[in-house]
Amino acid sequence: MIPKTHRQIRLAARPIGYPKDGDLRMVEAPVPEPGPGEFLVRVVYLSLDPYMRGRMSDARSYVPPVALGDVMEGGTIGEVVRSNHPGFGAGDVVEGPLGWQEYAVSAGKGVRKIDPTLGPISTALGVLGMPGLTAYFGLLEVGQPKAGETVVVSAASGAVGGLVGQIAKLKGCRAVGLAGSDAKVRYITEELGYDAGINYRTTPDLQAALRAACPGGIDVYFDNVGGRITEAVSRHVNMFARFVVCGLISQYNLTEPELAPRNERFVLVNRVRIQGFLVFDFAARYKEGLAQLTEWRRQGRLRYREDIVEGLERAPGALTDLLQGRNFGKMLVRVGPDPAGSGPPGGSARSFTRGES
Ligand SMILES: NC(=O)c1ccc[n+]([C@@H]2O[C@H](COP(=O)([O-])OP(=O)(O)OC[C@H]3O[C@@H](n4cnc5c(N)ncnc54)[C@H](OP(=O)(O)O)[C@@H]3O)[C@@H](O)[C@H]2O)c1
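Residues numbered from 1 in each chain as written. Predicted model: local features only at pLDDT ≥ 70, side-chain atom pairs only at ≥ 80, totals over all residues. Heavy atoms only, no water.

(A) Structural detail: the overall build of the protein chain. Counting secondary structure elements, the protein chain contains nine helices and 16 strands. Taken over the C-alpha trace, the protein chain has a radius of gyration of 20 Å; the compact-globule value for 357 residues is 21 Å, and the two agree within 12%. Overall size of the protein chain, expressed as C-alpha extent along the three principal axes, is 60 × 45 × 40 Å. Counting only residues that meet the buried cut, the protein chain has 54% of its 357 residues in that class. (Helix = DSSP H or I, 4+ residues; strand = E, 2+ residues; numbered from the N terminus. Rg over C-alpha atoms; globule rule 2.2 N^0.38 Å. Buried < 20%, exposed > 50% of the residue type's maximum accessible area, 1.4 Å probe, protein only.)

Listed below in structure tokens is the structure:
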């Protein structure tokens with residue numbers, strides 16, 4: 001039964017610093033009717049991602065921000081429940097940018113069908129989706145690691161970072177991860193196969209910890225965070241090191257950016273290449289990336305963790321948790337029940353649904 005109304009979360013105010021209560025507002029709206037060439041999707045999972053903080057701000061970026069009053073943007077997995085589109089039928093499981101809401105109409109732009117036999121459907125927002133592709137192309141194409149090199153990864157237990165270290169290991173590299181708790185460090189070393197991990201929040205001397213973990217220096221730095229961690233890493237680079245600038249999460253909620261990193265001397269002397277990238281740069285090669293990630297996952301060579309909150313109403317708080325490092329793995333919101341037959345997330349993963357309280 002399709003209800004008459006559904007819930008949406010709209011951007012009510014542009015946050016200053018971390019998002020706070022009132023910046024996002026829940027509203028009740030009529031469930032839209034699909035027009036000719038359109039289909040209606042019931043959303044099952046909403047992906048929460050650090051880029052969403054940028055969409056809430058009107059600072060200049062690579063895409064325009066969400067307008068005040070509009071439904072928040074977000075990647076979703078859902079089930080087609082009604083269709084006037086020749087390529088999508090009722091019962092299809094799809095992934096696409098359908099936003100923070102329980103139902104959405106689409107004409108198919110940016111939407112792909114998911115094959116539920118390839119893995120739990122939630123993986124299309126994680127290891128077999130945008131974060132997986134970011135790790136894959138960012139490390140292999142931008143970082144160009146060679147066997148025997150040392151790859152350092154920040155936010156190493158997260159959706160992207162957890163995969164980067166494992167791909168580095170698959171390519172014969174030494175993988176060293178930085179993470180924000182002892183539990184996360186244990187997870188990356190004991191479950192993901194990182195050779196060493198550093199709790200950057202509690203280590204008394206980050207420089208000494210990096211020196212100990214990277215006795216041969218650093219060849220590739222996969223940077224998810226920016227700021228002081230990047231500065232610390234800069235001091236241990238080898239000649240012709242590559243910095244893959246994937247994200248700057250330590251800066252997203254600052255009203256004034258930090259002055260770090262002050263790394264020019266290390267860049268100059270060591271001829272370091274610093275290159276930013278966006279996963280979309282590799283859109284023409286997604287098929288190839290997904291095929292490889294799917295195969296590695298099937299072989300049990302890529303492990304991952306999902307951190308699931310129940311209910312759309314919890315999404316705003318969960319986004320702030322993500323931005324403050326309180327997530328542990330790929331952050332998802334279960335907006336509605338899994339489609340019949342697709343099963344809950346899991347597989348070779350560890351998937352945690354947070355308690356109701
Ligand atoms: N370039 C692209 O196309 C692209 C695509 C996807 C994602 N990204 C970027 O990749 C990064 C990781 O994204 P994700 O989806 O995988 O998120 P995630 O790593 O699953 O979650 C974010 C993590 O960032 C860490 N963090 C938060 N605040 C921090 C701070 N002040 N200093 C250091 N670390 C902090 C936290 O881990 P700890 O507890 O370990 O600190 C937190 O768990 C983000 O910067 C994101 O913007 C870029």
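(B) Examining the sheet that holds strand E10 (residues 196-199) more closely. Here we have six strands laid out as an open sheet, ordered E10-E9-E8-E11-E12-E13, and parallel in their pairing. Across the chains shown, the open sheet's two edge strands, defined by having one partner strand only, are E10 and strand E13 (273-276). Mean inter-strand twist for the sheet, computed between neighbouring axes without regard to direction, equals 15 degrees. As judged from the four bridges shared by strand E12 (residues 237-245) and E13, these two strands associate in the parallel manner. When the bridges of E13 are listed, valine 245 appears paired with glycine 276. Contacts from helix H5 (residues 206-213) reach strand E9 (174-179) and E10 within the one sheet, and its direction differs from that of E10 by about 175 degrees. (Pairing = 2+ DSSP bridges. Axes fitted to C-alpha atoms, helices over the stretch in contact; angles between N-to-C directions. Contact = heavy atoms within 4.5 Å.)

(C) Quick look at the side chain of asparagine 238. Checked against the element boundaries, asparagine 238 lands in strand E12. Within polar-contact distance, the side chain of asparagine 238 engages the backbone oxygen of glycine 216 at 2.8 Å. With residues near it in sequence (within four places) discarded, asparagine 238 still touches Gly216, Gly217, Ile218, Asp219 and Asn270. (Polar contact = N/O pair within 3.5 Å; in protein donor to acceptor, adjacent residues only side chain to side chain.)

(D) Just unusual backbone geometry, in detail. The backbone of phenylalanine 240 sits at a positive phi, close to 60 degrees, despite the residue not being glycine. Examined against the element boundaries, phenylalanine 240 turns out to sit in strand E12. The class for phenylalanine 240 is exposed, based on a relative accessible area of 52%. You will see that arginine 271, though not glycine, has its phi angle at about 55 degrees, which is positive. Mapped onto the elements, arginine 271 comes out in the loop between helix H7 (264-270) and E13.

(E) Spatial organisation of helix H9 (residues 315-323). Of all nine residues that make up H9, seven are buried, and the element is covered over most of its length. Those residues of H9 that sit buried are Ala315, Ala318, Leu319, Thr320, Asp321, Leu322 and Leu323. Contacts from the buried residues of H9 go to strand E1 (5-11), strand E3 (39-47), helix H1 (51-55), strand E14 (305-310) and strand E15 (330-334). Immediately downstream of H9, the backbone of glycine 325 shows phi near 80 degrees, a positive value.

(F) Just the packing of aromatic side chains, in detail. Enumeration over the complete set of coordinates arrives at nine aromatic pairs. Measuring from ring centre to ring centre gives 6.0 Å for tyrosine 136 and tryptophan 296, while their planes differ by 55 degrees; the resulting arrangement is tilted. With tyrosine 136 in helix H2 (residues 130-143) and tryptophan 296 in helix H8 (residues 286-298), the pair connects residues that are 160 residues apart, well separated along the chain. What makes tyrosine 136 buried here is its relative accessible area of 9%. (Phe/Tyr/Trp six-rings, centres within 6.5 Å; stacked < 30°, edge-to-face > 60°.)

(G) Summary view of the site of the ligand. Looking at the ligand, there are 28 residues lining it, with Lys184, Tyr200, Tyr252, Val279 and Asn327 nearest. Here glycine 180 contributes a backbone N or O atom positioned 2.8 Å from an oxygen atom of the ligand. Taking leucine 323, its main chain carries an N or O atom lying 3.4 Å from a nitrogen atom of the ligand. Protein chains shield 92% of the accessible area of the ligand, which is 910 Å² for the free molecule. Counting only elements with at least two residues in the shell around the ligand, the list comes to H2 and H9. Classifying every residue of the shell around the ligand by side-chain character gives 17 nonpolar, nine polar and two charged. (Near = heavy atom within 4 Å. Areas by Shrake-Rupley, 256 points an atom, 1.4 Å probe, with all protein chains shown as cover. Nonpolar A, V, L, I, M, F, W, Y, C, P; charged D, E, K, R; others polar.)

(H) Structural detail: the environment of glycine 216. With respect to the helices, strands and loops of the structure, glycine 216 is situated in the loop between H5 and strand E11 (218-223). C-alpha separation for the pair glycine 216 and glycine 148, spaced 68 residues apart in sequence, amounts to 9.8 Å.

(I) Highlighting the environment of proline 131. Along the chain, proline 131 turns up in helix H2. Under the relative-accessibility criterion, proline 131 is labelled buried at 2%. Considering only alpha carbons, one finds proline 131 and aspartate 23, 108 residues apart in sequence, at a separation of 26 Å. For proline 131, the contacting residues outside a window of four places in its chain are Leu125, Gly126, Ala159, Val160, Leu163 and Lys330.

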